[in-house]
Amino acid sequence: MKTRTLLPLVLATGAMSGGQHAAVAQATAAPAHVSNSFRFVVPAPLKRASALFGPEGERCWAGEHWKPEFIHPQLAEDIQGAIFTVQHGPHKSVWVNTIFDPAGGRMQYVSFIPETLVFTVDVRLSVLTPATTKVEVTYVRTALDASANEDVVAMGKRDGESGPEWQRAIEDCLAAERKTVQR
């Protein structure tokens with residue numbers, strides 16, 4: 001008998017102890033799947049803005065936790081097909097750069113944490129003015145197991161709210177570069 005059929009019967013008869021309800025309910029839940037997007041403007045031309053969205057280019061603004069370790073190519077380089085890992089607390093995620101087209105303003109990554117979740121990050125840039133670039137980012141996250149559902153939903157909520165944080169961090173990165181050039 002499948003768990004979906006068994007669960008209502010077990011709950012109705014009270015044949016489980018209290019701690020088992022959550023475990024069975026979790027086992028029967030479909031893995032969570034969320035998609036969230038945000039937009040912001042970068043005060044830089046498309047060519048400069050695009051360079052900020054490769055794994056190496058992000059080091060300038062993505063925070064101290066962003067430390068990609070390249071598997072391919074061995075000399076770290078922002079290229080389509082790059083494969084790298086990033087440590088997230090106790091978990092290590094694997095990333096694949098599936099699209100890297102700086103001139104066209106498009107970057108895409110597929111990442112996964114084994115047995116936990118898979119997600120894509122799709123970045124699209126477009127020229128607003130010669131000196132400003134519009135950035136649109138879409139995260140799509142899918143739990144690989146229902147036990148990760150709460151985390152996937154929470155990450156999705158944070159994804160959708162990330163625009164102001166990314167914009168501020170990128171502006172700080174660009175401002176620091178300008179100060180270095182002026183010296």
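Structure shown above.
Computed from a predicted model, the values in this text were never measured in an experiment.

So, how was this worked out
Residues numbered from 1 in each chain as written. Predicted model: local features only at pLDDT ≥ 70, side-chain atom pairs only at ≥ 80, totals over all residues. Heavy atoms only, no water. Helix = DSSP H or I, 4+ residues; strand = E, 2+ residues; numbered from the N terminus. Buried < 20%, exposed > 50% of the residue type's maximum accessible area, 1.4 Å probe, protein only. Contact = heavy atoms within 4.5 Å. Expected span 1.5 Å × (residues − 1). Arc of directions from axis to C-beta. Pairing = 2+ DSSP bridges. Disulfide = S-S within 2.5 Å. Phe/Tyr/Trp six-rings, centres within 6.5 Å; stacked < 30°, edge-to-face > 60°. Lys NZ or Arg CZ within 6 Å of the ring centre and 35° of its normal.

The next subject is the overall build of the protein chain. Counting its secondary structure elements, the protein chain contains five helices and seven strands. Looking at the protein chain as a whole, 37% of its 183 residues are labelled buried. Summarising the internal contacts of the protein chain: among those between residues at least 6 apart in sequence, 46% fall at separations of at least 24.

Take helix α4 (residues 149–160) next. When the terminal C-alpha atoms of α4 are compared, their 17 Å separation across twelve residues agrees well with the 16 Å that a helix rising 1.5 Å per residue should span. Residues of α4 that are buried include every one of Asn149, Val152, Met155, Gly156 and Asp159, and no others. Down the axis, α4 shows its buried residues gathered within 130° of arc, on one side only. For α4, exposure combined with an orientation more than 90 degrees from the buried face picks out Glu150, Lys157 and Arg158. Elements in contact with the buried residues of α4: β1 (33–42), β6 (117–129) and β7 (132–143).

Two elements, strand β2 (residues 69–72) and strand β3 (residues 83–88), share three bridges in a ladder whose sense is antiparallel. Of the residues in β3, the one forming a bridge with Glu69 is Thr85. Two strands pair when backbone bridges link them, and β3 and strand β4 (residues 91–101) are joined in this way by six bridges, in the antiparallel orientation. In the strand pairing of β4, Thr85 is matched with Val94. Following β3, the chain reverses through two residues before pairing antiparallel with β4; Gly89 in that reversal takes a positive phi of roughly 60°.

For the rest of this paragraph, the subject is unusual backbone geometry. The residue after His72, namely Pro73, is reached through a cis peptide bond having omega -5°. By secondary structure assignment, the location of Pro73 is in the loop between β2 and β3. A positive phi angle, near 60°, is found at Glu115, a position not held by glycine. Topologically, Glu115 is positioned in the loop between β5 (106–113) and β6. By relative accessible area, Glu115 is classed as exposed at 72%.

With that settled, the discussion passes to helix α5 (residues 163–182). In this model α5 runs 29 Å from its N-terminal to its C-terminal C-alpha over 20 residues, within 8% of the 28 Å that 1.5 Å per residue would give. Every buried residue of α5 is listed here: Gly163, Trp166, Ala169, Ile170, Cys173 and Leu174. Buried residues of α5, seen end-on, are gathered within an arc of 145° and therefore sit on one face of the element. Across from the buried face of α5, at angles greater than 90 degrees, the exposed residues are Glu165, Asp172, Lys179 and Gln182.

Time to look at the state of the cysteines. Going through the model one piece at a time under the given rule, you end up with one disulfide. Across the disulfide, Cys60 is cross-linked to Cys173 (sulfur-sulfur distance 1.6 Å). Looking down the S-S bond of the Cys60 and Cys173 bridge, the torsion is 110°, so its handedness is right-handed. With Cys60 in the loop between α3 (46–51) and β2 and Cys173 in helix α5, the pair connects residues that are 113 residues apart, well separated along the chain. Accessibility expressed as a relative area gives 2% for Cys173, which makes it buried.

The next thing to look at is the packing of aromatic side chains. With the rule as written, the count across this model stands at 15 aromatic pairs. Considering the side-chain rings of Phe84 and Trp95, the 5.8 Å spacing of their centres and the 10° angle between planes classify their relative orientation as stacked. Of the two residues, Phe84 sits in strand β3 while Trp95 sits in strand β4, which places them eleven residues apart along the sequence. On the basis of relative accessible area, Phe84 is assigned to the buried category, the value being 0%. Judged by its relative accessible area of 8%, Trp95 falls in the buried class. When the ring of Trp95 is compared with that of Tyr109, the centres are 5.9 Å apart and the planes differ by 70°; the resulting orientation is edge-to-face. Residue Trp95 is found in strand β4, and its partner Tyr109 is found in strand β5; the two are separated by 14 residues along the sequence. On the basis of relative accessible area, Tyr109 is assigned to the buried category, the value being 4%. Taken together, the ring pairs in this structure connect Phe38, Phe40, Phe53, Trp61, Trp66, Phe70, Phe84, Trp95, Tyr109, Phe119, Tyr139 and Trp166 into an aromatic cluster. Between Arg141 and the ring centre of Phe119, over which it is positioned, the NZ or CZ distance is 4.4 Å.

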